[in-house]
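# Secondary and tertiary structure notes
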Amino acid sequence: DKIAKPALPIAGLPMLVYPLNFFFEAKVKKLAVNTHHAPETIRAVLEKIEQPWELYISHEKKLLDTGGGLKACEAFLKEERVLLANADIVAGIDIERLLRFHEARLADLTLVVVPHKDADKIAPITLGEKDAIVDINRTLDKKSTGKHLYAGVAVFEPLLWKYLHKEPSSIVYTAYVSLIASGARVCAYTHEGTWFDCGTPENYHAASNAVASDAWYWQKILHPHIRTAFG
């Protein structure tokens, strides 16, 4: 009731710092963060960390969902390539490798995907040739299947802004699927390492326990600014 989900602790650190680590790795020039519930708890996390980027906090009085929330940051971010990450995931994704992958394939959009045994029952990512994504959750073809899920991390070029809506909307079904349908180059970067979606209490507790049991690994990959702020 009192704390925004990304401010909850995972193995002693706010959940937010794990995806925030991606942006340190990418050496971004600008960082936009959406807030809604208990925004002061998100600000408190950010204020503890040295900021090597220009920070913009986009507060949503009314929830805009994943698409509308990003659209609200367009004026701040629209001129360059954008790295996007959900704030409730904990993952050991090699961001530098992801960015090289995206650039080498001349992609308009690259989604990080993870293998999942129940992907076809949940929301399958359907892959074609040369890492291309041809459908998401059977939106374009009811017969589509897949063995991967969207991991909540993406890289996109300015073309994506064209397909986002200002009103509450899903980035997946407004922008991602629209890009695929338009013939744009949409690629899948497969991550087979550590990945936790903390979207439910059960998953949150499982992630916290798993990260705590492998503390050495996380201390090794987290940026010094994070380790210093919460050491």
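So, a few notes on the structure that sits alongside this text. Here the structure is a predicted model, which means the values were calculated and not measured.

### Comments concerning the packing of helix 1 (residues 17-26) against helix 5 (residues 95-104)
Contact pair helix 1 / helix 5: the axes reach a minimum separation of 9 Å and the direction vectors enclose 65 degrees. Once helix 1 is placed against helix 5, the crossing between them reads as right-handed. Seen from helix 1, the contacting residues are Phe22, Glu25 and Ala26; seen from helix 5, they are Ile95, Glu96 and Leu99. Tallied by class, residues from the contact of helix 1 with helix 5 come to four nonpolar, no polar and two charged.

### Comments concerning empty space enclosed by the protein
One pass over the structure, following the stated rule, counts one cavity of 30 Å³ or more. As a volume, the largest cavity reaches approximately 30 Å³. The wall of the largest cavity is formed by Tyr18, Asn21, Phe22, Glu25, Ala91, Gly92, Ile93, Trp218, Ile221 and Leu222. Tallying contributions element by element places helix 1 first for the lining of the largest cavity, with four residues. Residues of the lining of the largest cavity, tallied by class, amount to seven nonpolar, two polar and one charged.

### Digging into the packing of aromatic side chains
This structure, assessed with the given rule, holds seven aromatic pairs. Ring geometry for tyrosine 217 versus tryptophan 218: centroids 5.0 Å apart, planes at 80 degrees, classification edge-to-face. Counting every residue linked through ring pairs, the aromatic cluster contains Tyr18, Tyr217 and Trp218. Of note, lysine 30 hangs over the ring of phenylalanine 76, and the distance from its end group to the ring centre comes to 5.0 Å.

### Points about helix 2 (residues 39-47)
An α-helical segment advances 3.6 residues per turn. Residues three or four places apart therefore align on the same side. Among the residues making up helix 2, those that are buried are Thr41, Ile42, Val45 and Leu46. The buried residues of helix 2 occupy one face: seen down the axis, they fall within an arc of 140 degrees. Buried residues belonging to helix 2 abut strand 2 (13-14), helix 1, strand 3 (30-35) and strand 4 (54-59).

### Details of the pairing of strand 7 (residues 109-115)
Strand 7 sits mainly inside the fold: six of its seven residues count as buried. Alignment of strand 7 against strand 10 (residues 148-156), held across six bridges, turns out to be antiparallel. The partner of threonine 110 across the bridge, within strand 10, is valine 155. Note: strand 7 against strand 11 (residues 186-190), five bridges, orientation parallel. The residue bridging threonine 110 from the neighbouring strand is cysteine 187, located in strand 11.

Parameters and conventions
- Residues numbered from 1 in each chain as written.
- Predicted model: local features only at pLDDT ≥ 70, side-chain atom pairs only at ≥ 80, totals over all residues.
- Heavy atoms only, no water.
- Axes fitted to C-alpha atoms, helices over the stretch in contact; angles between N-to-C directions.
- Helix = DSSP H or I, 4+ residues; strand = E, 2+ residues; numbered from the N terminus.
- Left-handed = near helix turned anticlockwise from the far one by under 90°.
- Contact = heavy atoms within 4.5 Å.
- Nonpolar A, V, L, I, M, F, W, Y, C, P; charged D, E, K, R; others polar.
- 1 Å grid on protein atoms, 1.4 Å probe; cavity = no way out; pocket = protein on both sides within 12 Å on 5 of 7 lines; lining within 4 Å.
- Points joined across faces, edges and corners; volume = space filled by probe spheres on them.
- Phe/Tyr/Trp six-rings, centres within 6.5 Å; stacked < 30°, edge-to-face > 60°.
- Lys NZ or Arg CZ within 6 Å of the ring centre and 35° of its normal.
- Buried < 20%, exposed > 50% of the residue type's maximum accessible area, 1.4 Å probe, protein only.
- Arc of directions from axis to C-beta.
- Pairing = 2+ DSSP bridges.

Without other data, these values stay purely geometric and don't point to any function.
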